[in-house]
Amino acid sequence: MPFSTRYILLFASALILLLFSFAYSLIAWSSFPLNLSHISAYFFNFDHQSIEQQILATTRIPRLLVAILIGTNLAVAGVLMQGLTRNPLASPSILGINAGAACFMALASIGINVLGEVSSLVSASVGGLVSGALVIFLGGFFQPVVTP
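I will try to describe carefully the structure that is included in this document. (Residues numbered from 1 in each chain as written. Predicted model: local features only at pLDDT ≥ 70, side-chain atom pairs only at ≥ 80, totals over all residues. Heavy atoms only, no water.)

## Quick word on the packing of helix H4 (residues 97–109) against helix H5 (residues 120–138)
For any two helices packed against each other, the geometry is given by the interaxial angle and the distance between the axes.
Point 1. At a minimum axis distance of 7 Å, the contact between H4 and H5 shows a crossing angle of 140 degrees. As far as their axial angle goes, H5 and H4 are oblique. For H4 against H5, the interelement crossing comes out right-handed. Residues Ile97, Gly100, Ala101, Phe104, Met105 and Ala108 of H4 form the contact with H5, whose participating residues are Ser120, Ser123, Ala124, Val126, Gly127, Gly128, Ser131 and Gly132.
Point 2. Here the contact of H4 with H5 is composed, by residue class, of 7 nonpolar, 7 polar and no charged. (Axes fitted to C-alpha atoms, helices over the stretch in contact; angles between N-to-C directions. Helix = DSSP H or I, 4+ residues; strand = E, 2+ residues; numbered from the N terminus. Parallel < 35°, antiparallel > 145°, perpendicular 65-115°, else oblique. Left-handed = near helix turned anticlockwise from the far one by under 90°. Contact = heavy atoms within 4.5 Å. Nonpolar A, V, L, I, M, F, W, Y, C, P; charged D, E, K, R; others polar.)

Written out as structure tokens, the structure is:
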């Protein structure tokens, strides 16, 4: 087989496996009996009176989409962290992001509102951003490299 045909077949088989795993995640681990016909009826012939399709529409499909979105965001965050530090084993603890988020979260939970009246999620996000930026700037990350 030529070089490109092998990668096309590998990509197609991975895509088919991914679609089957998505379908399986919609019908598995449920106390309510669901099968593949309910999924196809949901996508092609939606009936508002069917309890199976209501379960898929209100619980299962949104949960699947949120899981895909979160996984994509974590992958992008990992790539950004690895590219920023030029380290294939990079993690948020290298730049102190998780420590800054935990510090701001602890301050918010004991009543010291550094940011005013905001949610704990926003407080932790700002704490991670501030601590990461401080480490980058204090560490001299953006200094030009001088070659002899």
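There is more to say after this.
## As for H4
Point 1. The terminal C-alpha atoms of H4, which comprises 13 residues, lie 18 Å apart, in line with the 18 Å expected from a rise of 1.5 Å per residue.
Point 2. Every buried residue of H4 is listed here: Gly100, Ala101 and Phe104. Considered in projection along H4, the buried side chains sweep an arc of 100 degrees and stay on one side of the axis.
Point 3. Looking at the buried side of H4, the elements it contacts are H5. (Expected span 1.5 Å × (residues − 1). Buried < 20%, exposed > 50% of the residue type's maximum accessible area, 1.4 Å probe, protein only. Arc of directions from axis to C-beta.)

## Comments concerning the environment of histidine 48
Point 1. Looking at the secondary structure, you find histidine 48 in the loop between helix H2 (36–44) and helix H3 (51–85).
Point 2. Along the chain, histidine 48 and leucine 84 lie 36 residues apart, while their C-alpha atoms are 49 Å from each other.

## A look at the packing of aromatic side chains
Any aromatic ring pair is given by two values, namely how distant the centres are and how the planes are angled relative to each other.
Point 1. In the structure shown here, the tally under the stated rule is 3 aromatic pairs.
Point 2. Between tyrosine 24 and tryptophan 29, the ring centres sit 5.6 Å apart and the planes meet at 75 degrees, which makes this aromatic pair edge-to-face.
Point 3. On the basis of relative accessibility, which here comes to 48%, the residue tyrosine 24 falls in the partly exposed class.
Point 4. Each residue in the set Tyr42, Phe43 and Phe46 is aromatic and connected to the rest through ring pairs, giving one cluster.
Point 5. Lying over the aromatic face of tyrosine 7, arginine 6 brings its terminal NZ or CZ to 5.8 Å of the ring centre. (Phe/Tyr/Trp six-rings, centres within 6.5 Å; stacked < 30°, edge-to-face > 60°. Lys NZ or Arg CZ within 6 Å of the ring centre and 35° of its normal.)

## Examining the packing of H2 against H3
Point 1. Axis separation between H2 and H3 bottoms out at 9 Å; the angle between their running directions is 80 degrees. Accordingly, the angle class assigned to the pair H2 and H3 is roughly perpendicular. Residues His38, Ile39, Ala41, Tyr42 and Phe43 of H2 pack against Glu52, Gln53, Leu56, Ala57 and Ile61 of H3.
Point 2. Broken down by class, the residue content of the contact of H2 with H3 amounts to 7 nonpolar, 2 polar and 1 charged.

## With respect to the nonpolar core
A general trend in soluble globular proteins is that nonpolar side chains are found buried together.
Point 1. If you look at the biggest cluster of nonpolar residues, it comprises 10 residues: Ala23, Leu26, Ile27, Leu34, Ile39, Tyr42, Ile55, Leu56, Ile61 and Leu64.
Point 2. Taken together, the elements giving at least two residues each to this core come down to helix H1 (3–27), H2 and H3.
Point 3. The greatest single-element share of this core, amounting to 4 residues, is contributed by H3.
Point 4. Residues in contact with leucine 26, not counting those within four places in the same chain, are Leu34, Ile39, Leu56, Arg60, Ile61 and Leu64. (Core = buried A, V, L, I, M, F, W, Y, C linked by side-chain atoms within 4.5 Å.)

Purely geometric stuff here, so don't read any function into it on its own.
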